[in-house]
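# Coordinates in review
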Amino acid sequence: MTITQGYTPHQAHQSESSLPVAMLVGSNLCRYPYMSAYGAMMRVCRLHVLPREMRFRYLGVRFNRHDDIPKMLATSGARKDQLFRHIGGDESIRTYWDIEPWLPFSTSVSEADLITPLRICPCCSRSGYHTILFHLPWVDRCPWHGARIVDQCPSCSRPLLPQFIDADLVPHDCPCGVNFFDVKSAIHGDPSIDHHARAWQASYLAWANEARTQRYLVAGASLQDLDAAEAGVLADLPLNLRTTCSMHAAGAGKGRVQVLRPATSAAAGQTATDFLLAMKALPVTERAAINVPPSLLRSFRAVAQNIVEKLPARTFFEGDLLRIYPPDDPGHRRRPPGLPHRQHAELTFLPLLQSPTGGVLDCTSIDKHIRSVVRGATWDLMEKLPHAQDGPIIRDLDLGTRTVLAALGKRLLLHGYAQGIRIILGRHVATLYDLPRDRPRPRRPIAIVFTSRDQVTKANLIWVKAPAADA
Ligand SMILES: [Zn+2]
Ligand SMILES: [Zn+2]
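Owing to the predicted nature of the structure, the values given are computational and were not obtained by experimental measurement.

Another point: the overall build of the protein chain. Of regular secondary structure, the protein chain possesses 18 helices and 8 strands. Buried positions account for 39% of the 471 residues belonging to the protein chain. Residue pairs at least 24 apart in sequence account for 68% of intrachain contacts in the protein chain once pairs closer than 6 positions are excluded.

Here the focus is the sheet that holds strand β4 (residues 289–292). Pairing in this open sheet of 3 strands is antiparallel, and the strands run β4-β6-β5 from one edge to the other. One side of each edge strand has no neighbouring strand; the edge strands of this open sheet are β4 and β5 (353–355). Direction aside, neighbouring strands of the sheet carry axes that sit 30° apart on average. In this sheet, strand β6 (residues 358–362) lies alongside β5 in antiparallel orientation, the contact comprising 3 bridges. What sits directly across from leucine 353, in β6, is valine 360. The strands that helix α14 (residues 294–308) touches are β4 and β6; relative to β6, the one it contacts most, it runs at about 55°.

Taken together, 5 strands build an open sheet; the order of strands is β1-β2-β7-β8-β3 and the sheet is mixed. The open sheet has two edge strands with one neighbour each: β1 (106–107) and β3 (258–260). In this sheet, strand β8 (residues 455–465) lies alongside β3 in antiparallel orientation, the contact comprising 3 bridges. Paired with glutamine 258 across the strands is leucine 461, a residue of β8.

As a further point, take the packing of helix α16 (residues 368–377) against helix α18 (residues 399–426). Relative to each other, α16 and α18 sit at 175°, their axes nearing to 9 Å. Between α16 and α18, the angle falls in the class roughly antiparallel. Taking contact as the criterion, the partners of Ile370, Val373, Val374 and Ala377 in α16 are, on α18, Leu405, Leu408, Gly409, Leu412, Leu413 and Gly416.

In terms of nonpolar packing, the biggest core is built from 114 residues, with Met41, Leu408 and Ala447 touching the most fellow members. Broken down by element, the residue count for this core peaks at 10 residues, all from α18. Of the domains in this structure, domain 1 (4–248) and domain 2 (257–470) are the two that each give at least three residues to this core. With residues near it in sequence (within four places) discarded, methionine 41 still touches Leu59, Leu73 and Leu83.

Cut-offs used in this document
The numbers attached to residues start from 1 for each chain and follow its sequence in the written order. All chains are assigned letters beginning at A, and all ligands numbers beginning at 1, according to the order in which they are written. With pLDDT at 70 or above as the cut-off, local features in this predicted model cover only qualifying residues; side-chain atom pairs require 80 or more to be listed or tallied, and sums for whole chains, interfaces and linings still use all residues. Secondary structure elements follow DSSP: runs of H or I of four or more residues count as helices, runs of E of two or more count as strands, with numbering from the N terminus. Labels follow a simple rule on C-beta atoms placed from the backbone: if 20 or more others lie within 10 Å of a residue's own, it is buried; if 12 or fewer, it is exposed; otherwise it is partly exposed. In this description, any two residues whose backbone-derived C-beta atoms lie within 7 Å of each other are considered to be in contact. The pairing criterion for strands is at least two bridges between them, as found by DSSP. Only the stretch in contact is used when fitting a helix axis, every axis being a line fitted to C-alpha atoms; angles between N-to-C directions are given from 0 to 180 degrees. For classification, angles of less than 35 degrees are called roughly parallel, those exceeding 145 degrees roughly antiparallel, those between 65 and 115 degrees roughly perpendicular, and all remaining angles oblique. One nonpolar core equals one set of buried Ala, Val, Leu, Ile, Met, Phe, Trp, Tyr and Cys residues connected by C-beta atoms within 7 Å. An automatic or database domain assignment supplies the residue ranges for each domain.

Below, the structure is given as C-alpha cells:
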C-alpha cells in the first residue's frame, strides 16, 4: 500500500490553503473518536509500512531515539501542527491531541509531568487506535475492551517505545514476535471503538470539562507514582467511570486518601486565619524560620514528644529534652531521663523555639517539596480566589475556605515536621530504624482542592514515597 493519488508532502506544503488535496491512507479518523496524535501517526505509519527514513517526509515530525514520542506529541504544539498539516483531516480531531481537555483540574504542574510514558490497550492497538486517556494516572484498564493498559510487551517485557524509533523496527511490532497491530482490523475498524469508545470518552470529557473549573491540583510528587485506584479517588472520578477504567475494585485506594472538610465553629475560623497569616512567611527554598501561632504550639511539640517517647531512655541529652519538653508544656512531667549536660548541635533547631507570641519553627527540617505544596495550597490558591489579594482580606473569605485550606496546610506542615525530625534524628539514633512506624521514610504530598462558586469545599490529600535519591 502506498500514498493515495500520488500525494507528496511537498504538494501539501504548497497548497496548504486548498487542503484536502489527498489524504494519507488511515488518516480518515471519523471512526476513531478522540484519537491521539500519537495514535494517528502510528496508524498511518503502519498502514503505509513507512520505513524510518520516510517517516519524517510523510509525517512532518522527527524524533530522537530516547524521546518519549506520545508525550512529546501531546505537549508540543509545533509538532502537533506539523503532523496535522501532513495527515490532514477534520479540525475537530486536533482538539483531543491536547492534554488539557483530559484533565479534571487546573494546575501549575507542567503537562509533561501529568501523563505517563507510552501506554497502549493491546486490543485497541490491533486496529491502530490510541487515545490520551490511556496516559492518565487514574486509567489502567481500557473501558471498552476491559483489557489492562500496558507499558511493555506482555510477552517479553520489552518497553514499547524503542520499537518506534529503531531503524529496523516498526511501531507496535515487538521483536519477540508479538504484533500489536493488524492490518485487516485497522482497515475494517473496530465497532467497539466506533460506539463504546465514543460514548465513554464523551461522558468522561464532559465530566473533566466541568471538574476542571472546580478543582486545583498542587503536587510535590509525580501523579505517576500513584496506582490507578488511588489516583481515581484523589481526583474524585465518578464511581461509574472509575470502576470501568481501573482494574481495581470499587473501594480500592480509599484508605490512603485523606479528606479534609470545612469546620463550622467561629473559634476554628479564628485559628485558621492565624495559621494562614503565618504561612505567608513560609519560605519555599531558602533557610528561614517562621512564627508558629500559639494554637499550633501543642501540636508541634506533640510530634517531637511522640517520637522521643518511643525511643529508649537516655537516648537524648538533657539539653535537647528541655527544648522538646519546656517547663510550661503539659508534657513536661512525662520527660524521659536523659544523658547529662551536652546537646547535639544539629538538634538545637529541631524543636520549636519559644517566643513571646508563640513559637519559632526553623523550616530547614521540612522538605522543600512539602513547603512548596503548603504554599501552593494556601497563598498561591487564595490569590486565585476573588477578594483575597493580600493578608488582611483573609478575614473576608468564608469560613469553609479558611478552615479547609488551614486544615490542609497544618496537616502538610505537621507531617513534614514529623518526617524531618525522623530523618535528622535517624542520623544520631540508630534504634529509630527498629520502629516500623517511625523509621525515617521521606514522602511527598499531592493534594486536590475542590471549589464551588469560588468557595473551597474540601481537599483530598495523599502521600507518595519520595524518589530513592532523597531517602
Ligand atoms: Zn481497548
Ligand atoms: Zn515482546
